[in-house]
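# Working through the structure, step by step
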Amino acid sequence: LLFVACVALYCACADAWFGRVGSAVRSGWDSAREAVGSAVDRTREAAQGAGDMYRAYSDMPESNWLNSDKYFHARGNYDAANRGPGGRWAARVISNARENWQSGVSGRGAEDPRADQAANRWGRNGGDPNRYRPRGLPRRYR
């Protein structure tokens, strides 16, 4: 009887110990898998957001529409940010890089890049890009 009690106690202790260890290992694996999945999601969102930014910035000269610049800035940032945190990050990085480069090259002064950045932030923060849409711009550019 003493032997049976000792075996039962030993099994209960082992189960408690290994059950916790197994649980911690499973939990660690789940956390690692979650982190990798999250990184993959953010990378995908960033790539898709960069594509949104490219589409908006390439539509801008193609449209050749007067006063449409701010609309395309807002639209590119809006579309990219709607992809998720990775897209929002890509929109911020691309917008800042473009405006920093353009302000040094364009010769248009500091006012135009500031207005572009305001449109970038508006779209990136979920504001409707149509706020900047010029009247008569073809529907193709949505």
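This one's a predicted model, so the numbers in the text were calculated from it and none came from an experiment.

### Quick notes on the side chain of Asn120
Position of Asn120 relative to the elements: it lies in helix 4 (residues 111-124). In this structure the side chain of Asn120 is engaged in a polar contact, spanning 2.7 Å, whose partner is the side chain of Gln117. In this structure, Asn120 is in contact with Tyr57, His73, Asn77, Ser95 and Glu99, ignoring residues within four places of it in sequence.

### A few points about the packing of aromatic side chains
Within this structure, the stated rule accounts for two aromatic pairs. Consider the rings of Tyr71 and Phe72, whose centres lie 5.2 Å apart with planes at 65 degrees: the pair is edge-to-face. When sorted by exposure, Tyr71 lands in the same class as Phe72, which is buried. Measuring from ring centre to ring centre gives 5.8 Å for Phe72 and Tyr141, while their planes differ by 85 degrees; the resulting arrangement is edge-to-face. Of this pair, Phe72 sits in helix 2 (residues 69-81) while Tyr141 sits in the segment after helix 4, placing them 69 residues apart in sequence.

### Brief notes about the packing of helix 2 against helix 4
The contact between helix 2 and helix 4 brings their axes to 7 Å, and the two run at 35 degrees. Between helix 2 and helix 4 the crossing geometry is right-handed. Here helix 2 contributes Asp69, Lys70, His73, Ala74, Asn77, Tyr78 and Ala81 to the contact with helix 4, which in turn contributes Asp112, Ala115, Asp116, Ala119, Asn120, Trp122, Gly123 and Arg124. When the residues that make up the contact of helix 2 with helix 4 are grouped by side-chain class, the tally is six nonpolar, four polar and five charged.

### Some thoughts on the nonpolar core
Counting residues in hydrophobic clusters, the biggest one holds nine residues: Met53, Tyr57, Met60, Tyr71, Phe72, Ala80, Ala91, Leu137 and Tyr141. Counting only elements with at least two residues in this core, the list comes to helix 1 (2-63) and helix 2. Residues within four places of Tyr71 in sequence aside, it is in contact with Pro129, Asn130, Tyr132, Arg133, Pro134, Leu137, Tyr141 and Arg142.

### Quick word on the pattern of salt bridges
Tallied over the entire structure, the rule returns ten salt bridges. A salt bridge links Arg42 to Glu45; the shortest N-O distance between them is 3.1 Å. Here Arg42 and its partner Glu45 are both found in helix 1, three residues apart, which amounts to about one turn of the helix. Taking the relative accessible area as the measure of exposure, Arg42 reaches 34% and is therefore partly exposed. Among the residues examined, Glu45 registers a relative accessible area of 8% and is labelled buried. Note that Asp116 is salt-bridged to Lys70, the shortest N-O span being 2.7 Å. Remark: Lys70 occurs in helix 2 and Asp116 occurs in helix 4; sequence separation between them is 46 residues. Exposure class is identical for Asp116 and Lys70. Each is buried.

Criteria and cut-off values
- Residues take numbers from 1 onward in each chain, read along the sequence in its written order.
- Since the coordinates come from a predicted model, pLDDT governs what is reported: local features require at least 70, and pairs of side-chain atoms require 80 or more to be given and counted, while whole-chain, interface and lining totals use all residues.
- The side-chain quantities take in all heavy atoms of the structure and omit both hydrogens and water.
- By definition, any uninterrupted DSSP run of H or I lasting at least four residues is a helix, any uninterrupted run of E lasting at least two residues is a strand, and each is numbered from the N terminus.
- Two N or O atoms count as a polar contact when they lie within 3.5 Å, although within protein this holds only if one can serve as hydrogen donor and the other as acceptor, and sequence-adjacent residues are included solely when both atoms are side-chain atoms.
- Any two residues having at least one pair of non-hydrogen atoms within 4.5 Å are treated as being in contact.
- Note on aromatic pairs: the rings of Phe, Tyr and Trp (six-membered ring only in Trp) are paired at centre separations within 6.5 Å, and the planes decide the class, stacked below 30 degrees, edge-to-face beyond 60, tilted for the rest.
- Here's how the labels work: a residue is buried when its accessible area is under 20% of the maximum for its type, exposed when over 50%, partly exposed in between, all with a 1.4 Å probe on protein chains only.
- Every axis in this analysis is a line fitted to C-alpha atoms, fitted for helices over the stretch in contact. Angles between the N-to-C directions lie between 0 and 180 degrees.
- Two helices cross in a left-handed way if the nearer one is turned anticlockwise from the farther one by less than a right angle. They cross in a right-handed way if the turn is clockwise.
- In this count, Pro and Cys sit with the nonpolar residues alongside Ala, Val, Leu, Ile, Met, Phe, Trp and Tyr, while Asp, Glu, Lys and Arg are called charged and the others, Gly among them, polar.
- Residue types Ala, Val, Leu, Ile, Met, Phe, Trp, Tyr and Cys, when buried and joined through side-chain atoms within 4.5 Å, form a set referred to as a nonpolar core.
- For salt bridges, the criterion is a side-chain nitrogen of Lys or Arg within 4 Å of an Asp or Glu carboxyl oxygen.

Purely geometric numbers; function is a separate question.
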